[in-house]
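Geometric and topological summary
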Amino acid sequence: MFDVVIKNKNQETTNITSFELAAVNGTSLPTFTTGSHIDVHIADNIVRQYSLINHPQSAEFYKIAVLKDANSTGGSIAMHQDVNVGDVIKISAPRNLFPLNLESEKVVLFAGGIGITPIMSMAIELDSLGKDFELHYHTRSKSNTAFYQQLVNSSFASNVYFYFEDQPELDTNKVNDALANFSATRHLYTCGPGGYMDYIFSSAKAHGWDENNLHKEVFKAAAVDTSADQAFKLILTRSNLEIEVAADQTPLEAIEDAGIFIEVSCEMGVCGTCLTKVTDGIPDHRDEFLTATEKAKNDQFTPCCSRARTSTLSVDL
């Protein structure tokens, strides 16, 4: 963690604000790769993840964009209302859970609303490398489209397709055209609301896309009904420990209570930092990190949010 100062704050739309973050001592910031994000410590016990936007001065300042969420639990509202130019906040070093495959023959990008932040960064890099790509950007209206002018004035403007909900006459067939003719050398990246990304993935699969070529940015695991959760025994094979995981307790909490250290980050089943090898038993996967194929193997799980389908679960800890 390190301190940064808010260098600039700009209203991109009525509900999206961008921030420029510079090192307080004026030194260069850690480099990052396209698709990276940072943890922003907004207030006590409020940490949120925001994608970094590529730009020529990335060593001088990081740029993020924040949607003011109507269902906010405090993070986005605090960023919009309480964080101002000159304020000092703490952030993490960048990490990349959404890397861009630069060996692709063609890349298809889909952004829904605020999901444009990592997707636009990918377009910027692909364009700089002369790669073949398309960017499809869905928003409620032109006025709600963050970075619209930057995109229409960019060197890759002809590769960008806008879709506005209040203009249904726009050619939505372009989406199907973009998903046609799948090959193993093509990759798709999407970021936006969960329902939007699910729609893009299901549409791609209907056109024959392989799951390994589909990539999405997720900052929050889907809500899970925990009312039927039951206690189970967690066996730490290397530590020779058997611990009880209560119905209202995560395996991670039980592991930490037993005095065993495990590296964690998001604690929401998104980043994969706490991914642990399973040696016996069947996990109840509740993360957004593992693919369906990886979950089916039942040989690893995320103790921060997942549980067990069997009465005992043995892990390599």
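Look up a bit, the structure's there.
These lines cover the structure that appears in this document, whether it is placed above or below. (Residues numbered from 1 in each chain as written. Predicted model: local features only at pLDDT ≥ 70, side-chain atom pairs only at ≥ 80, totals over all residues. Heavy atoms only, no water.)

**Considering the overall build of the protein**
Keep this limit in mind: Starting at the N terminus, helices and strands are each numbered in turn, a helix being any DSSP run of H or I of at least four residues and a strand any DSSP run of E of at least two. Summary of the burial criterion: residues with accessible area below 20% of their type's maximum are buried, those above 50% are exposed, and those between are partly exposed, where the area comes from a 1.4 Å probe applied to protein chains only. In what follows, residue pairs with any heavy atoms lying within 4.5 Å of each other are defined as contacts.
Along its length, the protein carries 7 helices and 19 strands. The dimensions of the protein, computed from C-alpha atoms along their principal axes, are 60 × 50 × 35 Å. Taken over 317 residues, the protein has a buried fraction of 46%. Within the protein, counting contacts between residues at least 6 apart in sequence, those at least 24 apart form 65% of the total.

**What about the layout of surface pockets?**
Cut-off, in case you're wondering: Cavities and pockets were defined on a 1 Å grid built over protein atoms only: a cavity is a set of grid points that admits a 1.4 Å probe from which the probe cannot escape, a pocket is an open set flanked by protein on both sides within 12 Å along at least five of seven lines, and lining residues are those with an atom within 4 Å of any such point. Grid points are joined across faces, edges and corners, and a volume is the space filled by probe spheres set on the points. Gly is placed with the polar residues, together with every amino acid not listed as nonpolar (Ala, Val, Leu, Ile, Met, Phe, Trp, Tyr, Cys and Pro) or charged (Asp, Glu, Lys and Arg).
Volume-wise, the second largest pocket comes out at about 680 Å³. Considering the residues around the second largest pocket, the lining is formed by 22 residues, among which L214, E288, F289, L290 and T291 are closest to the centre. Of all the secondary-structure elements, those providing two or more residues to the lining of the second largest pocket are helix 5 (194–206), strand 12 (214–216) and helix 7 (292–297). A per-element tally of the lining of the second largest pocket places helix 7 first, with 4 residues. Tallied by class, residues from the lining of the second largest pocket come to 10 nonpolar, 4 polar and 8 charged.

**Overview of the pattern of salt bridges**
To be explicit about the condition: Only one rule defines a salt bridge in this text: a Lys or Arg side-chain nitrogen within 4 Å of an Asp or Glu carboxyl oxygen.
As enumerated under the stated definition, the model contains 10 salt bridges in all. Two residues, R95 and D39, come together in a salt bridge whose shortest N-O distance is 2.9 Å. Of this pair, R95 sits in strand 7 (residues 95–96) while D39 sits in strand 3 (residues 36–43), and the two are 56 residues apart along the sequence. When its relative accessible area of 8% is taken as the criterion, D39 is described as buried. The partner of D229 in a salt bridge is R286, with the nearest N and O atoms 2.7 Å apart. Placement of D229 in the loop between strand 12 and strand 13 (232–236) and of R286 in the loop between strand 16 (283–284) and helix 7 is noted, with a sequence separation of 57 residues between them. Classification of D229 by relative accessible area gives buried; the value is 15%. Counted as one network, the salt bridges with shared partners bring together D229, D284, R286, R307 and R309.

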